[in-house]
Amino acid sequence: QVQLQESGPGLVKPSETLSLTCTVSGGPIRNYYWNWIRQPPGKGLEWIGYISYRGTTYYNPSLKGRVATSIDTSKNQFSLKLTSVTAADAAVYYCARAGYSPYEAFDIWGQGTTVAVS
Amino acid sequence: EIVLTQSPDSQSVTPKEKVTITCRASQSIGSNLHWYQQKPDQSPKLLIKYASQSISGVPSRFSGSGSGTDFTLTIDSLEAEDAATYYCHQGSTLPFTFGQGTRLEMK
C-alpha cells in the first residue's frame, strides 16, 4: 500500500532554513495533491500548504511567504522549505496525501518528523 | 480563514459509552468536513470524509453527520482503543483549517 516517509534534519538554527523531503512509496505521485501539516509540541494541527503533481502550489498565508515546495515525480518525492525559522516553527512535520482534488480528505499520512529550532 | 471550533475540548469516557463530538464552522462549508483520530505519538488517521462518508477499515462504531456549519462525530459503544484526540478539518476554502482537537480519556 502507499506509504509516505518524511526525512530531513531534526535540528535547525534560528533564522536558517528548514528543509524536509517526503518520499512516496507503493504508489504513484502523479494525479494527487500532496500536503505538509505541522504540529507544535502538545498542540493541534496546522496546515502548511500543498503541491500538485503538476507543481501547482498554495500556502497558508499565516506563514507569511516563508514557505516553498517542490516536487520530483521521477523520484516520487516532494519537498518543503521554510525560511527564517524561529522557535515557533519547532514541531512534528507531516506529509499527507489528498486525492485528485486538493479539497479532498488527507487519506494517507507519513509518520512525521520532529524538527527542533535551537 | 474558516475557524473550526470543536466541543468539548476533552472528555473522560468509559467503555461502551456513546460519545458525541461536535465541530462548528465559522461559515458554511457544505459537506467538506473530514474527521481524524490521533493516538499519542502517532500520525492522524482519517475516520470520516465529507461529513458522513465511511472509510474502509474504520470500525462501524464511528459515524459522522451534519452539513453547513454544524457537524458531529459519534462513537457508538466506545472501546478502550478509542482513547485519542479527534480533529475536524475543512476542505472547503483555502487555507484549509483544523479544529483545536477533542481529547478522549478513559476513566
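Each remark here, short or long, concerns the structure printed above.
Observations regarding the interface of chain B and chain A
Working step 1: Listed by partner, the interface residues are 18 residues for chain B and 21 residues for chain A.
Working step 2: For the pair chain B and chain A, the summed buried surface comes to about 1600 Å²; carbon and sulfur atoms form 66% of the total.
Working step 3: Of all residues in chain B, Leu94, Phe96 and Phe98 of chain B give up the largest surface area on contact with chain A, accounting jointly for 36% of the area buried on that side.
Working step 4: Across the chain B-chain A interface, the total number found is 0 salt bridges.
Working step 5: Here chain B is connected to chain A by 6 residue pairs in polar contact (both at pLDDT 80 or more).
Working step 6: Here the element with the most residues in the side of chain B that touches chain A is strand β4 (residues 33-38) of chain B; it accounts for 3 residues.
Working step 7: Broken down by class, the residue content of the side of chain B that touches chain A amounts to 9 nonpolar, 7 polar and 2 charged.

Some thoughts on the sheet that holds strand β3 (residues 18-25) of chain A
All names here are of chain A.
Working step 1: The 4 strands are arranged β1-β3-β8-β7 in an open sheet whose pairing can be described as antiparallel. Edge strands, defined here as strands with exactly one partner in the open sheet, are β1 (3-7) and β7 (67-72). Averaged over all pairs of adjacent strands, the angle between strand axes in this sheet comes to 20°, irrespective of strand direction.
Working step 2: Bridge analysis of β3 against strand β8 (residues 77-82) gives 6 bridges, and the strand direction is antiparallel. Within β8, the position partnered with Ser19 by the bridge is Lys81.

Topic: the state of the cysteines
Working step 1: The full count for this structure, using the stated rule, is 2 disulfides over all chains.
Working step 2: Here Cys22 of chain A connects covalently by a disulfide to Cys95 of chain A, the sulfurs 2.1 Å from one another. What sets the handedness of the Cys22 of chain A and Cys95 of chain A disulfide is the S-S torsion sign, and at about 65° it is right-handed. You can see Cys22 of chain A sitting in strand β3 and its partner Cys95 of chain A sitting in strand β9 (residues 91-97), a full 73 residues away along the chain. When sorted by exposure, Cys22 of chain A lands in the same class as Cys95 of chain A, which is buried.
Working step 3: Disulfide pairing places Cys23 of chain B opposite Cys88 of chain B at an S-S distance of 2.1 Å. Looking down the S-S bond of the Cys23 of chain B and Cys88 of chain B bridge, the torsion is 75°, so its handedness is right-handed. On the criterion of sequence distance, the pair formed by Cys23 of chain B in strand β3 (residues 19-25) and Cys88 of chain B in strand β9 (residues 84-90) is long-range, its members being 65 residues apart. Taken individually, Cys23 of chain B and Cys88 of chain B each receive the classification buried, so the pair is uniform in this respect.

So, how was this worked out
Residues numbered from 1 in each chain as written. Chains lettered and ligands numbered in written order. Predicted model: local features only at pLDDT ≥ 70, side-chain atom pairs only at ≥ 80, totals over all residues. Heavy atoms only, no water. Contact = heavy atoms within 4.5 Å. Buried area = accessible area lost by both parts, 1.4 Å probe. Salt bridge = Lys/Arg side-chain N within 4 Å of Asp/Glu carboxyl O. Polar contact = N/O pair within 3.5 Å; in protein donor to acceptor, adjacent residues only side chain to side chain. Helix = DSSP H or I, 4+ residues; strand = E, 2+ residues; numbered from the N terminus. Nonpolar A, V, L, I, M, F, W, Y, C, P; charged D, E, K, R; others polar. Pairing = 2+ DSSP bridges. Axes fitted to C-alpha atoms, helices over the stretch in contact; angles between N-to-C directions. Disulfide = S-S within 2.5 Å. Buried < 20%, exposed > 50% of the residue type's maximum accessible area, 1.4 Å probe, protein only.

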